[in-house]
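Summary of the model geometry
Residues per chain, in single letters:
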Amino acid sequence: MSTSTANPAATHKLYIETVGCQMNMLDSEMVVADLRRQGYELADNVTDADTILFNTCSVREQAENKTYSALGRLRQAKKDNPEKIIGVMGCMAQKDQKLIFKRAPYVDIVVGPGQLQQIPGLIDKVRAEGGKHTAVSLGRTDGKLMDIKRSHETFDPLRDPTMRPTPFQAFLRIQIGCDKFCTYCIVPMTRGPEQGRHPQQIYDEAVILADQGAKEIILLGQTVNSYRHVDKDKTETRLADLLHKLHDINGIERLKFVTSYPKDMGYDLLTTIRDLKKCSPYLHVPLQSGSDAVLKRMKRGYTVGEYRDMMARINETLGDKAAVSSDFIVGFCGETDAEFQETVDLVEECRFKNSFIFKYSERPGTKAHDQLPDDVPFEVKRRRNNELLQIQNRISEEDNQKFLGRTVEVLVEGPSKRHDAAVNEIKDGKAEDLNRVVVGDPGAAGKSDLVQLDTTQQDAARLQKQQFEGKPLQLTGRTHCDRIVVFDGSPRLIGQMLPIGVYEVCGLTLLGTAVSESKADLISLV
Ligand code: SAH
Ligand code: SF4
Ligand code: F3S
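Fair warning: this is a prediction, and the values are worked out from it, not measured in the lab.

As a further point, take the overall build of the protein chain. Helix and strand counts for the protein chain stand at 19 helices and 21 strands. Across the 526 residues in the protein chain, those meeting the buried criterion constitute 59%. Counted over contacts in the protein chain with a minimum sequence separation of 6, partners at least 24 positions apart contribute 75%. In the form shown here, the protein chain has an accessible surface area of approximately 21,100 Å², with 50% of it arising from carbon and sulfur atoms.

Encoded structure:
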């Protein structure tokens, strides 16, 4: 809870920009909710706002550069209006700390992802006393494990449904941090040690979300299927146990979880997904590379053979209902043409629903940065990225053909514009610079730079305008297996579960039309 002493009657205008993964989206939701309770309102742009927050990501250099450029654009605004408060929160705040004040001296506060509850208080402090303030968590070697863990705990306070991009979908954090230490990855440093939240806390939060109208809950964790909590009485709770508990909550219709770690995709979890009808058979299990030698250099902790075994377990348990997606890093330290070819071959073999493909970006503070040369030329990374993307897109399109003529059950998410833009970016091969691409995509473990909470307001305005002008509205939704479906319909359908007949496949998107319930009953829903 906030420590702010602000007068709740006072109104401030907040502009917040969010990049990075779903963890960041959820963090922004929490911070906005907290500030709203202090009397803040959301502004659509920097000019109208008196408080500007950037929720940042450090996973690739590009993401950081974009934030520093956005900050650069505020230099003049701060000069003109010195009372405007500028804050940097999230992973880059934790990683760069005081360096941010050096690069952008007009920033007022820097707050790591484990200290977000301090934001209202720090803003008040700047308003009252001025000065620069930092609130970050302990580094991985800065003390006793218990203290480090505590300093990274997230505050996940009572939820505010009005602050979710879509009120009927909600993220629920079940795990904080990561202990896998893949050699390329900064996340264990920015989010701290892996901690499973208490199952009762998670359950209580899910009940609140269901009461607020959430139909789909997406459980979040960096290696979410490694979730484990051991109670004082030694009772152990794993993800499968949690899914069983959450499945009983009235109002929740779909349960998803991201991101999964290949080695922890056991039969217990897979049979749970098979047996519980609310659990989506959608599994995001990043492979990263199809070469054993590269996986070893990445310290991913599994071999290609073990990943194949996992795919076999998935196919055996869930059959063709399963939709598996992956992440890849191309051009990792020392990656040869032959090693890249192994990745291509494995993508052909595994036929992922979709893949997010990234060019390796060296991150100071990681083992790869310290010990392995970033020796694959940028041009080679770019070529490999595009090649793999094209292969994956072909596979996605081919496999989507099986939906032609079928009826799928879709949770209607909203107007389709953002998805169209995102999908086009994937097709154009531009997407690799973004952390993740499909905006508003609850199925993947990251988010693009395009995500801003205030898009909700823009969508609402656009919606109203379209209604007013009487134009047909193109809506978008998602199947249980996380495929995007676009169709025409009334805005009243947003937030509903609907049967949609698929008549065309366009890249990663299924085009469909709403069918009547009775007709749908005759066809098996996917
Ligand atoms: N916890 C998740 C993903 C976290 S980051 C997991 O383990 O899968 C999201 C994705 O960003 C990763 O899957 C990886 O593909 C990519 N990534 C992480 N560090 C990167 C780096 N240094 N350069 C390029 N891509 C990176
Ligand atoms: Fe990063 Fe994921 Fe590896 Fe953790 S498991 S270090 S978050 S890539
Ligand atoms: Fe942090 Fe998520 Fe980026 S954990 S580094 S915001 S991918």
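A separate point is the site of ligand 1. Ligand 1 sits among 16 residues. The nearest are Arg-60, Gln-222, Gln-288, Asp-327 and Ser-361. With respect to ligand 1, the backbone of Tyr-184 contributes an N or O atom lying 3.1 Å from a nitrogen atom. Gln-222 is positioned with one of its side-chain polar atoms (N or O) 2.8 Å from a nitrogen atom of ligand 1. A total of 540 Å² of accessible area belongs to ligand 1 in isolation, and the protein chains cover 95% of it. Sorting the residues of the shell around ligand 1 by element identifies β15 (323-330) and β16 (355-359) as the ones contributing at least two each.

This paragraph deals with the packing of aromatic side chains. Applying the stated criterion to the full structure yields six aromatic pairs. An angle of 80 degrees between the planes, with centres 6.1 Å apart, marks the rings of Tyr-184 and Phe-332 as edge-to-face. Highlighted residues: Tyr-184 in the loop between β8 (175-176) and α8 (187-191) and Phe-332 in the loop between β15 and α14 (337-350), separated in sequence by 148 residues. Take Tyr-184 and Phe-332: they sit in the same class, and that class is buried. Three or more aromatic residues link up through ring pairs in this structure, and these residues are Tyr-261, Tyr-302, Tyr-307, Phe-328 and Phe-352. Above the plane of the ring of Phe-358 lies Arg-60, whose end atom (NZ or CZ) is 3.8 Å from the centre. Sitting over the ring of Tyr-203, Lys-245 keeps its end group 5.9 Å from the ring centre.

On to the confidence of the model for the protein chain. Across the protein chain, pLDDT averages 87, with 85% of residues at or above 70. Taken together, the stretch residues 1-7 has pLDDT below 50 and engages in 19 contacts with residues farther than four places along the chain or on a different chain. Overall, residues 418-459 carries pLDDT values under 50, and its contacts beyond four positions in sequence, including any with other chains, amount to 133 contacts.

This part is about the sheet that holds strand β17 (residues 407-415). Strand order in this closed barrel of five strands is β17-β18-β19-β21-β20, and the pairing throughout is mixed. Across the sheet, the axes of successive neighbouring strands diverge by a mean angle of 50 degrees, strand direction being ignored. Note that β17 and strand β20 (residues 497-506) share five bridges and pair antiparallel. The partner of Thr-407 across the bridge, within β20, is Gly-501.

Let's shift gears to the packing of α14 against helix α16 (residues 378-400). Helix packing geometry: the angle between the two helix axes and the distance between the axes. Their axes nearest at 10 Å, the elements α14 and α16 cross at an angle of 15 degrees. Here α14 lies roughly parallel to α16, going by the angle between them. In the crossing of α14 with α16, the sense of the turn from one axis to the other is right-handed. Between α14 and α16, the residues in contact are Asp-337, Phe-340, Thr-343, Val-344, Val-347 and Glu-348 and Arg-384, Glu-387, Leu-388, Ile-391, Gln-392, Arg-394 and Ile-395, respectively. Its residues assigned to classes, the contact of α14 with α16 comprises six nonpolar, two polar and five charged.

On to the pattern of salt bridges, then. Side-chain pairing between opposite charges can occur once the charged atoms of the two side chains come close. Counted under the stated rule, the structure contains 30 salt bridges. Here Asp-482 and Lys-256 are joined by a salt bridge, their closest N and O atoms 3.2 Å apart. Of this pair, Asp-482 sits in the loop between β18 (473-478) and β19 (484-489) while Lys-256 sits in strand β13 (residues 254-258), and the two are 226 residues apart along the sequence. Here the two residues Asp-482 and Lys-256 agree in accessibility, since each one is buried. For Arg-274, the salt bridge is made with Asp-275, and the minimal N-O distance between the two is 2.8 Å.

Turning our attention to the side chain of Ser-355. Inspection of the secondary structure assignment puts Ser-355 in strand β16. On the basis of relative accessibility, which here comes to 8%, the residue Ser-355 falls in the buried class. At 2.8 Å, the side chain of Ser-355 forms a polar contact with the side chain of Gln-392.

For the rest of this paragraph, the subject is α16. Between its terminal C-alpha atoms α16 stretches 32 Å, which fits the 33 Å expected from 23 residues at 1.5 Å a residue. Turning to α16, its buried residues are Val-380, Lys-381, Arg-384, Asn-385, Leu-388, Leu-389, Ile-391, Gln-392, Asn-393, Ile-395, Ser-396 and Asn-400.

A separate point is the pairing of β16. Most of β16 is tucked away: five of the five residues are buried. Along β16, one buried face is formed by Ser-355, Ile-357 and Lys-359 and the opposite face, lined by Phe-356 and Phe-358, is buried too. Handedness of the β-α-β unit built from β15, α14 and β16 comes out right-handed.

Now for unusual backbone geometry. Going from Val-258 to Thr-259, the amide bond is cis rather than trans, its omega being 0 degrees. Despite not being glycine, Asp-482 shows a phi value in the positive range, around 70 degrees.

Our next topic: the packing of helix α9 (residues 199-211) against helix α10 (residues 239-247). In the contact formed by α9 and α10, the axes pass within 10 Å of each other and the chain directions differ by 30 degrees. Two packed elements cross with a definite hand, and for α9 against α10 that hand is right-handed. For the pair α9 and α10, the contacting residues are Pro-199, Gln-200, Ile-202, Tyr-203 and Ala-206 in the first and Leu-242, Lys-245 and Leu-246 in the second. Its residues assigned to classes, the contact of α9 with α10 comprises six nonpolar, one polar and one charged.

Those residues of helix α6 (residues 119-129) not exposed but buried are Ile-119, Pro-120, Gly-121, Leu-122, Ile-123, Asp-124 and Val-126. Those residues of α6 that are buried lie in contact with α1 (22-37), β2 (40-42), β3 (51-56), β4 (85-90), β5 (109-111) and β6 (133-135). Among the residues trailing α6, Gly-130 stands out with phi positive, at a value near 70 degrees.

What counts as what
- Residues numbered from 1 in each chain as written.
- Chains lettered and ligands numbered in written order.
- Predicted model: local features only at pLDDT ≥ 70, side-chain atom pairs only at ≥ 80, totals over all residues.
- Heavy atoms only, no water.
- Helix = DSSP H or I, 4+ residues; strand = E, 2+ residues; numbered from the N terminus.
- Buried < 20%, exposed > 50% of the residue type's maximum accessible area, 1.4 Å probe, protein only.
- Contact = heavy atoms within 4.5 Å.
- Areas by Shrake-Rupley, 256 points an atom, 1.4 Å probe, with all protein chains shown as cover.
- Near = heavy atom within 4 Å.
- Polar contact = N/O pair within 3.5 Å; in protein donor to acceptor, adjacent residues only side chain to side chain.
- Phe/Tyr/Trp six-rings, centres within 6.5 Å; stacked < 30°, edge-to-face > 60°.
- Lys NZ or Arg CZ within 6 Å of the ring centre and 35° of its normal.
- pLDDT = per-residue confidence, 0-100.
- Pairing = 2+ DSSP bridges.
- Axes fitted to C-alpha atoms, helices over the stretch in contact; angles between N-to-C directions.
- Parallel < 35°, antiparallel > 145°, perpendicular 65-115°, else oblique.
- Left-handed = near helix turned anticlockwise from the far one by under 90°.
- Nonpolar A, V, L, I, M, F, W, Y, C, P; charged D, E, K, R; others polar.
- Salt bridge = Lys/Arg side-chain N within 4 Å of Asp/Glu carboxyl O.
- Expected span 1.5 Å × (residues − 1).
- Right-handed = clockwise from strand over helix to strand, strands pointing away.

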